[in-house]
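Remarks on the overall topology
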Amino acid sequence: MTALFPFDNSFARLPDRFFARVAPTAVEAPRLVRLNRTLALDLGLDPDRLESPEGLDVLSGRRVAEGAEPLAAAYAGHQFGQFVPQLGDGRAILLGEVVGRDGRRRDIQLKGSGPTPFSRRGDGRAALGPVLREYLVSEAMHALGIPTTRALAAVTTGEPVIRETVLPGAVLTRVASSHIRVGSFQFFAARGDVEGLRALADHAIARHDPEAAEAENPYRALLEGVIRRQAELVARWLGIGFIHGVMNTDNMSIAGETIDYGPCAFLDAYDPATAFSSIDRHGRYAYGNQPRIALWNLTRLAEALLPLLSEDETKAVAEAEAALTGFAGLFEAAYHGLLNRKLGLTTMRDGDPALAGDLLKTMAENGADFTLTFRRLSAAAPGSGPAPEPEAVEAVRSLFIDPTSFDAWAERWRRRLDEEPGSAAGRKALMRSVNPAFIPRNHRVEAMIEAAVERQDFVPFETLLTVLSRPYDDQPDFAQFAEAPEGGGRGYRTFCGT
Ligand SMILES: Nc1ncnc2c1ncn2[C@@H]1O[C@H](COP(=O)(O)OP(=O)(O)OP(=O)(O)O)[C@@H](O)[C@H]1O
Ligand SMILES: [Mg+2]
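Scope of this entry: the structure provided in the associated data block. Everything numeric here is computed off the predicted structure, so don't read it as measured data. (Residues numbered from 1 in each chain as written. Chains lettered and ligands numbered in written order. Predicted model: local features only at pLDDT ≥ 70, side-chain atom pairs only at ≥ 80, totals over all residues. Heavy atoms only, no water.)

**Looking at the site of ligand 1**
Around ligand 1, the structure places 20 residues, and the nearest of them are Gly 88, Gly 90, Arg 91, Lys 111 and Arg 174. Note that an oxygen atom of ligand 1 is positioned 2.7 Å from one of the side-chain N or O atoms of Lys 111. Within the backbone of Arg 125, one N or O atom sits 3.4 Å away from a nitrogen atom of ligand 1. Starting from 600 Å² of accessible surface for ligand 1 in isolation, the protein chains cover 91%. Looking at side-chain class alone, the shell around ligand 1 contains 2 nonpolar, 7 polar and 11 charged residues. Counting contributing residues per domain, the shell around ligand 1 is built from domain 1 (11-179) and domain 2 (183-341), each supplying no fewer than three. (Near = heavy atom within 4 Å. Polar contact = N/O pair within 3.5 Å; in protein donor to acceptor, adjacent residues only side chain to side chain. Areas by Shrake-Rupley, 256 points an atom, 1.4 Å probe, with all protein chains shown as cover. Nonpolar A, V, L, I, M, F, W, Y, C, P; charged D, E, K, R; others polar. Domains from an automatic or database assignment.)

Given below as structure tokens:
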């Protein structure tokens, strides 16, 4: 019989000091909450077998799958600006890598599968609520078209985890292009281990930037690759109102995927100062700060890479600075390009960033819901055909405390659209493809978690997954899932470390 996972491991071939080999801890009474059958097929796996008792044993950590080489990776990281030289996978265990049907190599990792040598004071476990949040939000991000780690399965363990209260335990099977983080490089840099740093960089180049190997300075090319991916990723986050919530350097992926959905949340009413995480008291990781923090983290990566950039220290710093200088332009281009598409503009003119910026400012002053404003604008966009229905315009206006402030802006928008090529239908289709109707609204995610944890009711989880798998379609049967919460969702809080 063939193996459940056709593992083809490369990270496990790196030197011993990169990780601790450790098996998952067996759990009492595992039960499958959900298997992502579509993803399983994409990875070339057999979903029926994964759903069988044999699969459940592996997905819950009761049995080590054939070919797996379980390990917890070492990494360091800046947490809220403070450097911690040793973190590492304290509750995650990499089983190995598989090469999917698309030829892409992906990590298969269990999160919440028991203690590792990096657990510090933690129990190595995850509670059901955060596991369901990560499953749902990462899959929603994927459907929204945003680079992310994926969720292959969620299982309950049948064992309690002790947090502020006693909660049901769970394990998430996470799939990622890799789990190499900015903090992975910081781990070796902090130890002055240049050979470790080089081995990690070469591994990262092979996996994420193979063309960098041919560059004049491969390590600068790697740094530039990470900078480009992160600049584009953060622009995409802003485009859907995503707030990561804990952008520590150990939560920033070299592959450019969104990773670690601990305290993440989405904007309801637009306000760039929004920070939902209870431990983010100074708003370090607020919505509008994310580009600045990404650059701060990338600067830490560049510092870690200095010994590889050149043997001459002055030259190394010059290489790092030159690469980092590129961030602003890449981010601005991605962000303003996206904002323009959200407004139905396919060309870029000098005044466009100000036009978009003034809409956002008016939304902030008027408590307008971010997602609804842009989605409804798609229906209110004028074109070469008949004028938009008055109801469509009114649907946007009504989101603003002072609707006349929207009218003043909309006048400028219409004049700008008059200069655009293309048909009205094409414009609407473009806008609908970048302005989702459905995002994982915070109040819906909380209600879903409460139902599962308090009442063992997984129907809201399944329903939300269904709705969020087609975020750009109208889905009239699920219209209530597009609605904003009462009061713009301002009092919402998320909690870390669960
Ligand atoms: N319950 C726990 N037991 C042991 N270690 C933990 C626990 N919770 C968090 N940690 C560790 O604390 C550090 C910071 O946690 P953080 O919340 O950023 O990550 P995470 O959600 O556990 O994992 P990841 O970044 O892999 O998604 C990580 O090294 C993590 O492994
Ligand atoms: Mg983390």
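**A word on unusual backbone geometry**
Positioned with a positive phi, Asp 260 is a non-glycine residue whose angle comes to about 70 degrees. For Asp 260, the position within the fold is in the loop between strand S11 (242-243) and strand S12 (265-266). In this structure, Gln 475 is a non-glycine residue whose phi angle is positive, near 45 degrees. Given a relative accessible area of 6%, Gln 475 falls into the buried group. (Helix = DSSP H or I, 4+ residues; strand = E, 2+ residues; numbered from the N terminus. Buried < 20%, exposed > 50% of the residue type's maximum accessible area, 1.4 Å probe, protein only.)

**Observations regarding the packing of aromatic side chains**
Counted by the stated rule, this structure contains 21 aromatic pairs. Residues Phe 406 and Trp 409 carry aromatic rings whose centres are separated by 6.1 Å and whose planes lie at 40 degrees to one another, so their mutual orientation is tilted. On the criterion of helical spacing, the pair formed by Phe 406 and Trp 409 is a turn pair, its members being 3 residues apart in helix H13 (residues 403-418). A single burial state applies to Phe 406 and to Trp 409, both of which are buried. The structure contains a cluster of three or more aromatic residues connected by ring pairs, namely Phe 11, Phe 18, Phe 19, Phe 187 and Phe 188. (Phe/Tyr/Trp six-rings, centres within 6.5 Å; stacked < 30°, edge-to-face > 60°.)

**Overview of the pattern of salt bridges**
One side chain can pair with another of opposite charge once the charged atoms of both are near each other. All told, the structure shown has 43 salt bridges when counted by the stated rule. Of the charged contacts, one joins Arg 150 and Glu 139 as a salt bridge, the two residues approaching to 2.8 Å between their closest N and O atoms. With Arg 150 in strand S9 (residues 150-162) and Glu 139 in helix H4 (residues 128-144), this pair connects stretches of sequence that are 11 residues apart. A single network of salt bridges, built from pairs that share partners, joins Asp 8, Glu 97, Arg 105, Asp 107 and Arg 207. (Salt bridge = Lys/Arg side-chain N within 4 Å of Asp/Glu carboxyl O.)

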